[in-house]
Each structure stands twice: as structure tokens, then as C-alpha cells.
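Next come the chains, spelled out residue by residue.
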Amino acid sequence: MITGIHHVTAIASDAQRNVDFYAGILGLRLVKKTVNFDDPGTYHLYYGDGLGRPGTILTFFPWPGANRGRRGTGQVTTTLLAVPSGSLDWWKEHLTKSGVTLLPDSAVDEDGNGWLFFDDPDGMRLALTADATSGDGSGSGTVPPERAVRGIWGVNLWEARAEPTVQFLTDVAGFVPQGEGLAFAAAKGEPFDRVVLTAADREAGMSLPRGLMGAGIVHHVAFRVPDDATQAEWRDKLTGLGFHVSPVMDRNYFHSIYFREPGGVLFELATDPPGFTADEAPETLGRELKLPPQYEALRAQLEEVLPPLRVPS
């Protein structure tokens, strides 16, 4: 069973600016500083709650000087983050004081609930929503725990056509429709599990461009599976349905398979274990550069190439 969202991975253009925004302004904890396993000359940065629990994780490939991408169909176009109920007034003031421009669709009611939309420094679209979700609020320490981001409430996908993706989510992935719109949740009903579709063929006069990869664009969204055995079952199922599924890839902190859903968004199924404490103690997560075994012999060279990072506190 897919139990919810595991993480969202996007492309950035500057590693320090990325850390300043996500660990500084948004108050997430940098839980792992490693390298892109397919391109070890660049970082792979992971942010989340105090332990980097599945459902709280945002990850980035910061490719220096990467060209700006274009939001469009076949992509996750907005990553929706949950904050505690009644806290949006605080976040509105905090973001504004931090120099973040709130977008016109932002709205907060008299109880401090609603939505705040804004972009990160690379143009990645984010939203905060007030939600009574679980989580301990243990982030980087730059945001009070009672206001802290709890996790990824959901993702918004842009699609040229709704029906193929709707059919996949409901008939294959087991997601359950929420209300009358194109919103879905994992059947298990855990937090951090929403998928919301925006489809050109469902909106009169709507014309959505095809997305282009680059800085500010989500590379993929990963969904949770509890263990390797469940992941293997999913790989067999998806392959049997005609999807082109990657081999299982060991990402040190989870195991992954990748495929594209019918509308073109890159999906990943990631296991919950072993987690980010597999090679670091909880209290020291994210402090040291962690390398997979195949790159350990290159540590000296990589540490010369990778820029030093300062984590806000």
C-alpha cells in the first residue's frame, strides 16, 4: 500500500541560497548533506523535521548556475506545506519581513487559516496551509516549534488531460477522491498524502504550457511504501501494467524505483527505512558531508569541489 508522500525533490541553482531559504526562512532542518549519486560533483541536500521523517522531506539538487525552468504540464507545480492551525498570520508577517513576496491567491481568514502562496529564490512555487497535522515541529530552530512546518500536505500536478492520471491514482495507486474536485488522498488516511490535479481539459479556456526542467522545478515526487517487499510487489505490478519502471536503487536512506505516471510526472516509490539516522546520530544530522561507499575514496577531491555551507541558526 502507498501510505502517503515520502519526499519532493527539486532543482536549485545555488546551494547556500537554498540553505538560507529552507533552513533559515522556512525553519526546516538540514538533515542530510550528501552528493547527487549520479553526479557527485554537486550536493544533494535534504530538509525535514528533526529526524527527516517520511512526509516531511524536501530535497534539492543545487546545480550552480542552472537555468530557470518553466512550470507546466507533466510536473509538480506547487508543493503544499502544512503548518499548525491558526498560524498563518504569523507566517504572513514572518515571510514578509524576510523579503518573500506573497502571491495574489494568498488569503488568511480571521482565525489565521487559509493559504499563503509564494516562490523560493529559484521560482519554485510553494504554499502554506493551516492544518491540524501531527508532527513535533522540530526544525532548524529559526522558527518557533509551535509555528513550524509539519510536513508536505500535498502536491499539485499540472496535466494536459485529467482522466489518465485520475484513473491511475484511483484504480492503480488506490487513492481516494476528496470532495468534488480533482483532489485525492492515500487510502490509509495518514497525514501528508494529498494529490491535487489541475488539468487543461477540465478548465474552459485554460492553456497550460508543457513544463521544462531547470532551476525552480520539481524533479519528482516520491510516495511512501513501508518496506522492500512492498516495493518489489509494486514494481511487478507496474511493470505488468506496461509502465517502464527503473531497477531498485539504493539511496542509502531509502530504496527507490522510478516511473512516469500517464501525464508524464516522474513518480518515485521510496521505502520508509532505513532513514536518515542510518549513518548519523539524531543530534548531529546534517552537520557532516555523507558519501555513499562508491564515492568515499573521492572524499578529498569532492570536498575541494563542493562549496562550504553555513546553516542558519
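Presented here is an overview of the structure given in this document. Since the structure is predicted, the reported quantities are computational estimates derived from the model, not experimental observations.

1. Focus on a negative patch on the surface
Alright, step 1. Where like charges cluster on the molecular surface, the negative patch consists of Asp227, Asp228, Glu233, Asp236 and Asp250.
Alright, step 2. A total of three residues in the negative patch trace back to one element, the largest contributor, which is helix α4 (residues 228-240).
Alright, step 3. Note that Asp227 resides in the loop between β13 (218-225) and α4.
Alright, step 4. Judged by relative accessible area, Asp227 falls into the partly exposed class, the value being 32%.

2. Points about helix α2 (residues 88-97)
Residue pairs three or four apart in sequence face the same way in an α-helix, which turns once every 3.6 residues.
Alright, step 1. Considered for burial, the residues of α2 that qualify are Leu88, Trp91, His94 and Leu95. Within α2, the buried residues cover an arc of 120° as seen down the axis, which keeps them to one side.
Alright, step 2. The inward-facing, buried residues of α2 contact α1 (15-25), β5 (75-83), β6 (107-108), β7 (114-119) and β8 (125-130).
Alright, step 3. The positive-phi residue at the C-terminal boundary of α2 is Gly99, with phi of around 85°.

3. Comments concerning the side chain of Arg251
Alright, step 1. Relative to the assigned elements, Arg251 resides in the loop between β14 (249-250) and β15 (255-260).
Alright, step 2. No salt bridge is formed by the buried Arg251, whose closest oppositely charged neighbour, Asp38, lies at an N-O distance of 4.0 Å.
Alright, step 3. Looking at Arg251, its side chain comes within polar contact range of the side chain of Tyr258, at 3.2 Å.

4. Focus: the pattern of salt bridges
Alright, step 1. Taken as a whole, this structure holds twelve salt bridges when the rule is applied.
Alright, step 2. Two residues, Asp272 and Arg224, come together in a salt bridge whose shortest N-O distance is 2.7 Å. One end of the pair, Asp272, is in the loop between β16 (266-271) and α5 (299-305); the other, Arg224, is in strand β13, with 48 residues separating them in the sequence.
Alright, step 3. For Glu296, the salt bridge identified is with Arg299, shortest N-O distance 2.6 Å.
Alright, step 4. Through salt bridges with shared partners, a single ionic network connects Lys32, Asp279 and Glu280.

5. A closer look at the sheet that holds strand β4 (residues 57-62)
Alright, step 1. Within the open sheet, the eight strands sit side by side as β2-β3-β4-β1-β13-β16-β15-β14. Their pairing is mixed. Whereas interior strands pair on both sides, the edge strands pair on one side only; in this sheet they are β2 (29-36) and β14.
Alright, step 2. Note that β14 and β15 share two bridges and pair antiparallel. Considered in β15, the bridge of Asp250 is made with His255.
Alright, step 3. Taken strand by strand, α1 contacts β1 (5-12), β3 (39-48) and β4, and its axis lies near 5° from that of β3.

6. Digging into the packing of aromatic side chains
Alright, step 1. Counting across every chain of the model gives 19 aromatic pairs.
Alright, step 2. Between Phe21 and Tyr22 the ring centres are 4.9 Å apart and the planes differ by 75°, which places this aromatic pair in the edge-to-face class.
Alright, step 3. Note on Tyr22 and Tyr47: the rings are 5.6 Å apart at their centroids and 35° apart in plane angle, and the pair reads as tilted. Of the two residues, Tyr22 sits in helix α1 while Tyr47 sits in strand β3, which places them 25 residues apart along the sequence.
Alright, step 4. On the basis of relative accessibility, which here comes to 0%, the residue Tyr22 falls in the buried class.
Alright, step 5. Clustering of aromatic rings is evident, with ring pairs tying together Phe168, Phe175, Phe223, Phe243, Phe259 and Phe267.

Cut-off values and rules
Residues numbered from 1 in each chain as written. Predicted model: local features only at pLDDT ≥ 70, side-chain atom pairs only at ≥ 80, totals over all residues. Heavy atoms only, no water. Patch = residues over 30% accessible without salt bridge, like charges linked within 9 Å, V, L, I, M, F, W, Y side chains within 5 Å. Areas by Shrake-Rupley, 256 points an atom, 1.4 Å probe, with all protein chains shown as cover. Salt bridge = Lys/Arg side-chain N within 4 Å of Asp/Glu carboxyl O. Lys, Arg positive; Asp, Glu negative; His and termini not counted. Charge placed at Lys NZ, Arg CZ, Asp CG, Glu CD. Helix = DSSP H or I, 4+ residues; strand = E, 2+ residues; numbered from the N terminus. Buried < 20%, exposed > 50% of the residue type's maximum accessible area, 1.4 Å probe, protein only. Arc of directions from axis to C-beta. Contact = heavy atoms within 4.5 Å. Polar contact = N/O pair within 3.5 Å; in protein donor to acceptor, adjacent residues only side chain to side chain. Pairing = 2+ DSSP bridges. Axes fitted to C-alpha atoms, helices over the stretch in contact; angles between N-to-C directions. Phe/Tyr/Trp six-rings, centres within 6.5 Å; stacked < 30°, edge-to-face > 60°.

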